[in-house]
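Each chain, written out:
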Amino acid sequence: MSKKILVTGGAGFLGSHLCDRLLAQGHHVICVDNFFSGTQRNLAHLANEPRFTPLRHDVVLPLTVEVDEIYNLAAPASPVHYQFNPIETTKTCVIGAINMLDLARQRNIKILQASTSEVYGDPEQHPQPESYWGHVNPIGQRACYDEGKRCAEALFFDYHRQHQVPIKVARIFNTYGPRMLPDDGRVVPNLILQALKGEDITLYGDGLQTRSFCYVDDLIEGLMRLMASGSDITGPINLGNPDEVTVRQLAGLIIDITGSNSKLTHRPLPSDDPRQRRPNIDQARQRLDWTPSVALREGLIKTIAYFEKHLSLPLAQER
């Protein structure tokens, strides 16, 4: 059955892919974005789609629309963007969550929160199951995002307990793919761009810190399965790829695919940067029948092709 679905942060990397998938299923999509880190270019191919409604709006302000479901993805997700205005980041995570939860409560509809593996901080338990409470610096430079998302999770569960709002909470681990911003500071676009330009590839610390990279198509499938799950499943549920690689291994793979002559260089490790990040996805496997299917090399080939195509576009014209 066709639904009217609200996607906040719909012009972003994940949000735009989610809009595409929902439209492909026959739904009407209202995309809300203030275009701080989302871009018009991500939505350009939907300009003539009659079931797609873009709306420039900041979720820090209340919103009233008639919809059947809400995916709350609004928040700058890379350190470069969320540290640019940390107070606004916290407001987006917390006040934005309150506004969307109030809308879900008024409409008596399901709402999904795109939370993050950052709620685990620099983890002392590895891999991270949903039962792990995390190891987060509450006053560090990343706290605006880490603690903002932790507070949002608390709000979701309080609205569920106090007002019976039907909620879904996904903890998203490192995800990559086409439509990532070249300037967002995350490791995959950083390394790809340096390799394509023939520049030295920057590794922070010794490059032996680990990440687990999930291709965007797999991640979107996980979000949609979580939203479609029964009322007994609220989450939080980890969504990510459990295959762990070092950043040094990632750099080597990107150099191999691009055929780059780039050399590896080292810089100091940023403050509060986690040494290990890998999801335990037992719950996603058992309760959603979900597991990633796109291999890292396959996903990187698609992502590199995207950046090769768009490398010459000036960033200032994209927003």
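Keep in mind the model is a prediction, meaning the values are calculated, not measured. (Residues numbered from 1 in each chain as written. Predicted model: local features only at pLDDT ≥ 70, side-chain atom pairs only at ≥ 80, totals over all residues. Heavy atoms only, no water.)

A. Spotlight on the packing of aromatic side chains. Taken as a whole and judged by the stated rule, the model has 5 aromatic pairs. Considering the side-chain rings of Tyr176 and Phe213, the 6.4 Å spacing of their centres and the 85° angle between planes classify their relative orientation as edge-to-face. Note that Tyr176 is positioned in strand β7 (residues 175–176) and Phe213 in the loop between β9 (210–212) and β10 (214–215), a separation of 37 residues in sequence. By the burial criterion, Tyr176 is buried, and Phe213 matches it. Taken together through their ring pairs, the aromatic side chains of Tyr120, Tyr132 and Phe173 make up a single cluster. (Phe/Tyr/Trp six-rings, centres within 6.5 Å; stacked < 30°, edge-to-face > 60°. Helix = DSSP H or I, 4+ residues; strand = E, 2+ residues; numbered from the N terminus. Buried < 20%, exposed > 50% of the residue type's maximum accessible area, 1.4 Å probe, protein only.)

B. Local environment of the side chain of Ser229. Tracing the sequence through the fold places Ser229 in the loop between α6 (216–228) and β11 (237–239). Reaching out from Ser229, the side chain makes a polar contact with the side chain of Lys168 at a distance of 2.9 Å. For Ser229, the contacting residues outside a window of four places in its chain are Lys110, Lys168 and Leu288. (Polar contact = N/O pair within 3.5 Å; in protein donor to acceptor, adjacent residues only side chain to side chain. Contact = heavy atoms within 4.5 Å.)

C. Examining the packing of helix α5 (residues 187–197) against helix α7 (residues 247–258) more closely. Two elements in contact, α5 and α7, have axes whose closest approach is 10 Å; the angle formed by their N-to-C orientations is 40°. Judged by the angle between their axes, α5 and α7 are oblique. Seen from above, α5 lies across α7 with right-handed handedness. Residues Val187, Val188, Leu191, Ile192, Ala195 and Leu196 of α5 form the contact with α7, whose participating residues are Val247, Leu250, Ala251, Ile254 and Thr258. Of the residues that constitute the contact of α5 with α7, the class distribution is 10 nonpolar, 1 polar and no charged. (Axes fitted to C-alpha atoms, helices over the stretch in contact; angles between N-to-C directions. Parallel < 35°, antiparallel > 145°, perpendicular 65-115°, else oblique. Left-handed = near helix turned anticlockwise from the far one by under 90°. Nonpolar A, V, L, I, M, F, W, Y, C, P; charged D, E, K, R; others polar.)

D. Molecular detail of the packing of helix α1 (residues 13–24) against α6. Their axes nearest at 10 Å, the elements α1 and α6 cross at an angle of 65°. One way to sum up the angle between α1 and α6 is to call them roughly perpendicular. Note that α1 runs across α6; the crossing there is right-handed. Along the contact surface, α1 presents Phe13, Leu14, His17, Leu18, Arg21 and Leu22, while α6 presents Val216, Asp217, Leu219, Ile220, Glu221 and Met224. Taken together, the residues of the contact of α1 with α6 break down into 8 nonpolar, 1 polar and 3 charged.

E. Expanded view of the state of the cysteines. If you walk through the whole model with that rule in mind, you get 0 disulfides. Distance from the sulfur of Cys19, which forms no disulfide, to the nearest cysteine sulfur (Cys31) is 4.6 Å. Free of any disulfide, Cys144 has its nearest neighbouring cysteine sulfur in Cys93, separated by 7.6 Å. Residue classification places Cys144 among the buried positions, given a relative accessible area of 7%. (Disulfide = S-S within 2.5 Å.)

F. Quick look at the environment of Tyr159. Structurally, Tyr159 can be placed in helix α4 (residues 143–163). Tyr159 has contacts with Ile98, Leu101, Asp102, Gln164 and Val165, leaving out every residue within four places of it along the chain.

G. Molecular detail of α7. End to end, α7 covers 16 Å across 12 residues, agreeing with the expected 16 Å (1.5 Å per residue, within 8%). Looking at the buried positions of α7, the neighbouring elements they touch are α5, β8 (201–204), β9, β12 (244–246), β13 (264–267) and α9 (296–310). Just beyond α7, the residue with positive phi is Gly259, at close to 70°. (Expected span 1.5 Å × (residues − 1).)

H. Summary view of the pattern of salt bridges. Enumeration over the complete set of coordinates arrives at 15 salt bridges. Of the charged contacts in the structure, one is a salt bridge between Glu147 and Arg150, with a shortest N-O distance of 3.1 Å. Linking Glu147 with Arg150, this pair stays in helix α4, spanning 3 residues, or about one helical turn. Ionic pairing is found between Asp282 and Arg285, a salt bridge with its closest N-O pair at 3.7 Å. (Salt bridge = Lys/Arg side-chain N within 4 Å of Asp/Glu carboxyl O.)

I. Spatial organisation of the sheet that holds strand β1 (residues 4–8). Spatial strand order, β3-β2-β1-β4-β5-β6-β11: 7 strands in an open sheet with parallel pairing. A single partner strand is all that each edge strand has here, and the edge strands are β3 (52–56) and β11. Neighbour to neighbour, the strand axes of the sheet diverge by 20° on average, direction disregarded. Both strand β4 (residues 69–72) and strand β5 (residues 110–116) contribute to a ladder of 4 bridges, which runs parallel. (Pairing = 2+ DSSP bridges.)

J. Broad picture of α1. Spanning 12 residues, α1 covers 17 Å between terminal C-alpha atoms, matching the ideal 16 Å at 1.5 Å per step. Those residues of α1 that sit buried are Phe13, Leu14, Gly15, Ser16, His17, Leu18, Cys19, Leu22 and Leu23. Residue Gly26 follows α1 closely and has a positive phi angle near 95°.

K. Structural context of the nonpolar core. Tyr71, Leu223, Leu239 and Leu300 are the most contacted members of the largest nonpolar core, which totals 60 residues. In terms of residue count, the dominant contributor to this core is α6 (7 residues). Residues contacting Leu300, with those up to four places away along its chain left out, are Tyr176, Val188, Leu250, Leu253, Ile254 and Ile257. Of all hydrophobic cores here, the second largest spans 29 residues; its members include Val67, Ala74, Leu155 and Phe156. (Core = buried A, V, L, I, M, F, W, Y, C linked by side-chain atoms within 4.5 Å.)

Coordinates in, geometry out; function isn't part of it.
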